[in-house]
Amino acid sequence: MSARLGVTALALLFVTGLWLVAAPFVVGYQPRGAELTAATVNDLWVGGALAGGSFLGLAGYAASALRELTARGGPAAES
């Protein structure tokens, strides 16, 4: 149960980070063709850090789960 909660939290953080990166352009507070505003730069850094960190956490969890499955030794592949 706690693993599912952790993966859900990491997935939500990943989506939130992606939204922070896209928001200035989707919402429209970053004018097209203009120099990046301070708010846009902040959104890009914070969103990138959230998305990157949560992606690394999800990848680490997946690698750990795969390592555990191979250590247990699943059923042999049929020939």
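Residues numbered from 1 in each chain as written. Predicted model: local features only at pLDDT ≥ 70, side-chain atom pairs only at ≥ 80, totals over all residues. Heavy atoms only, no water.

Chemist: Can you help me understand helix α2 (residues 38-72) in this one?
Modeler: Along an α-helix, a turn takes 3.6 residues, which lines up residues three or four apart on a common side. Taking 1.5 Å as the rise per residue, α2 with 35 residues should run 51 Å; its terminal C-alpha atoms sit 51 Å apart, in good agreement. Taken together, the buried positions of α2 are occupied by Thr40, Asp43, Gly47, Ala51 and Ser54. Next to the buried residues of α2 lie α1 (2-27). Residue Gly73 follows α2 closely and has a positive phi angle near 80°. (Helix = DSSP H or I, 4+ residues; strand = E, 2+ residues; numbered from the N terminus. Expected span 1.5 Å × (residues − 1). Buried < 20%, exposed > 50% of the residue type's maximum accessible area, 1.4 Å probe, protein only. Contact = heavy atoms within 4.5 Å.)

Chemist: Explain a nonpolar patch on the surface here, please?
Modeler: Together, Phe25, Leu36, Val41, Trp45 and Val46 make up an exposed nonpolar region whose accessible area comes to about 510 Å². Position of Val41 among the secondary structure elements: in helix α2. Note on Val41: relative accessible area 33%, which makes it partly exposed. (Patch = residues over 30% accessible without salt bridge, like charges linked within 9 Å, V, L, I, M, F, W, Y side chains within 5 Å. Areas by Shrake-Rupley, 256 points an atom, 1.4 Å probe, with all protein chains shown as cover. Salt bridge = Lys/Arg side-chain N within 4 Å of Asp/Glu carboxyl O.)

Chemist: So what exactly am I meant to see when it comes to α1 here?
Modeler: Between the first and last C-alpha of α1 there are 35 Å, a value that for 26 residues agrees with the 38 Å anticipated at 1.5 Å per step. All of the buried residues along α1 are Gly17, Ala23 and Pro24. Packing partners of the buried residues in α1 comprise α2.

Chemist: Any chance you could explain the packing of α1 against α2 here in plain terms?
Modeler: Relative orientation and spacing of two packed helices are given, respectively, by the angle between their axes and the distance between those axes. At a closest axis distance of 8 Å, the pairing of α1 and α2 adopts a crossing angle of 155°. Judged by the inter-axis angle, α1 sits roughly antiparallel to α2. Taken as a pair, α1 and α2 cross one another with a handedness that is left-handed. Residues of the contact of α1 with α2, tallied by class, amount to 18 nonpolar, seven polar and one charged. (Axes fitted to C-alpha atoms, helices over the stretch in contact; angles between N-to-C directions. Parallel < 35°, antiparallel > 145°, perpendicular 65-115°, else oblique. Left-handed = near helix turned anticlockwise from the far one by under 90°. Nonpolar A, V, L, I, M, F, W, Y, C, P; charged D, E, K, R; others polar.)

Chemist: Even after reading the chapter, I still don't get the environment of Ala63, so can you show me in this structure?
Modeler: Here Ala63 is to be found in helix α2. Given the relative accessible area of 36%, Ala63 is considered partly exposed. Spatially, the C-alpha atoms of Ala63 and Glu35 are 40 Å apart, while their sequence positions differ by 28 residues.

Chemist: I would appreciate a short explanation of the pattern of salt bridges in the present structure.
Modeler: Working definition: two side chains of opposite charge can pair if their charged atoms are close together. Counted according to the given criterion, the structure contains one salt bridge. Notably, a salt bridge pairs Arg72 with Glu68, separated by 2.5 Å at the nearest N-O pair. Taken as a pair, Arg72 and Glu68 lie in helix α2 at a separation of four residues, close to a single helical turn. Glu68 gets classed as partly exposed once you look at its relative accessible area, which sits at 42%.

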